[in-house]
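If you want the building blocks of each chain, they are given just below.
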Amino acid sequence: MNQIELKRALSKLPLGDVRYFDSIGSTNNEALAWAASGAKDLSLVIADEQTAGRGRLDRKWFTPKGTALAFSLILRPTTEEKPHLTRTVGLAALAVADSLRTRGLVHGTAAPVTQIKWPNDVLLNGRKVAGILVESVWSGEEVDCVVIGIGMNVAKGAVPSAELLQFPATSLEEWLGPHVQREKVLHDILAGIIALRPHIGTDSFIASWEKALAFRGEQIQVEAGSGSPVTGKLLGLESDGSLRLSAEDGKSITVRFGDVRLRSHG
Ligand code: BT5
């Protein structure tokens, strides 16, 4: 990664400290340890390659060298923010989605559709371009720090082969051409998180998050662990960021975690 470009891209943002690695196991692991030992608010860990990148439930996240964005941002929530921390994944997803909507397109192509696949994926034209992993550092009963880990496929070489994937993936390059600068995308995502953060507790925040959701009004299936999947029509979000579905009998269902997919009609 171009260090001069990186410094320039981050110079105007009100970040804490920044740790850059050519290669690391997982930026989230580094950020969690740093947060526990007193990192400042908005400190950032960024790496050009991850050798043990993590998704949810100990799944793997692939970050080949020189092709992707992989970073973790540490937030030290204020007293006002603490009641709304379950919305943090939405904060990150909205910032990622917004950063993509404003990017230039390859001449002559239609603008790709950017959506959030609840809870933590960002899709470009229905395929996963970025994943988010939010983790917390606790101090007794209270959350002391939140780590927002974001991985994004920038170049085509970042996209893992299909047999390693549960859901189809894509890269920015595929839709926006080869000239996307990782440092600029990073800047836009961080700037978006910083700008949205004061609104995290508002109704308009939830409304924007809902508006960006993929599969709204469609029949979906949510798999959450070993039990049978929950099915229903995706209606929207609860105030804590949980997913709201309506079952066939019209009853409302709330889902707190899981993997969403469109229900097959076959
Ligand atoms: C995620 O989990 O999507 C969260 C990914 C978070 C990665 C960032 S990178 C910086 C920070 N440091 C870390 O160690 N992690 C964070 P989940 O929804 O559980 O999806 C994981 C699944 O995505 C895997 O099981 C694969 O099927 C798929 N996958 C892995 N690498 C991918 C990639 N590069 N692009 C698209 N899909 C991928």
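Residues numbered from 1 in each chain as written. Predicted model: local features only at pLDDT ≥ 70, side-chain atom pairs only at ≥ 80, totals over all residues. Heavy atoms only, no water.

Q: Got a minute to help me understand the overall build of the protein in this structure?
A: Looking only at helices and strands, the protein features six helices and twelve strands. Radius of gyration (C-alpha) of the protein: 18 Å, near the 18 Å computed for a compact globule of 266 residues. Scored against the burial criterion, the 266 residues of the protein give a buried share of 49%. As presented, the protein carries roughly 12,700 Å² of accessible surface, and 52% of it is formed by carbon and sulfur atoms. The protein carries 30 positive and 30 negative side-chain charges, and their two centres are separated by 3 Å. (Helix = DSSP H or I, 4+ residues; strand = E, 2+ residues; numbered from the N terminus. Rg over C-alpha atoms; globule rule 2.2 N^0.38 Å. Buried < 20%, exposed > 50% of the residue type's maximum accessible area, 1.4 Å probe, protein only. Areas by Shrake-Rupley, 256 points an atom, 1.4 Å probe, with all protein chains shown as cover. Lys, Arg positive; Asp, Glu negative; His and termini not counted. Charge placed at Lys NZ, Arg CZ, Asp CG, Glu CD.)

Q: Explain unusual backbone geometry to me, please; I cannot follow it from the model alone.
A: Both trends apply: most residues other than glycine have a negative phi, and most peptide bonds are in trans. Cis geometry marks the peptide bond from W118 to P119, where omega comes out at 0 degrees. Within the secondary structure, P119 is located in the loop between β4 (114-117) and β5 (121-124). Backbone geometry places D58, a non-glycine residue, at a positive phi of 60 degrees. Here D58 is to be found in the loop between β2 (43-47) and β3 (68-75). Positive phi, normally seen in glycine, also occurs at N125, with a value near 45 degrees. For N125, the position within the fold is in the loop between β5 and β6 (127-139).

Q: Would you explain the side chain of T170 in this entry?
A: With respect to the element layout, T170 can be found in the loop between β7 (142-153) and α4 (172-176). For T170, a relative accessible area of 0% corresponds to the buried category. Within the local environment of T170, its side chain forms a polar contact with the side chain of W175, the two groups lying 3.0 Å apart. Sequence-distant contacts of T170, defined by excluding residues within four places in its chain, comprise L124, R127, K128, V129, N153, V159 and W175. (Polar contact = N/O pair within 3.5 Å; in protein donor to acceptor, adjacent residues only side chain to side chain. Contact = heavy atoms within 4.5 Å.)

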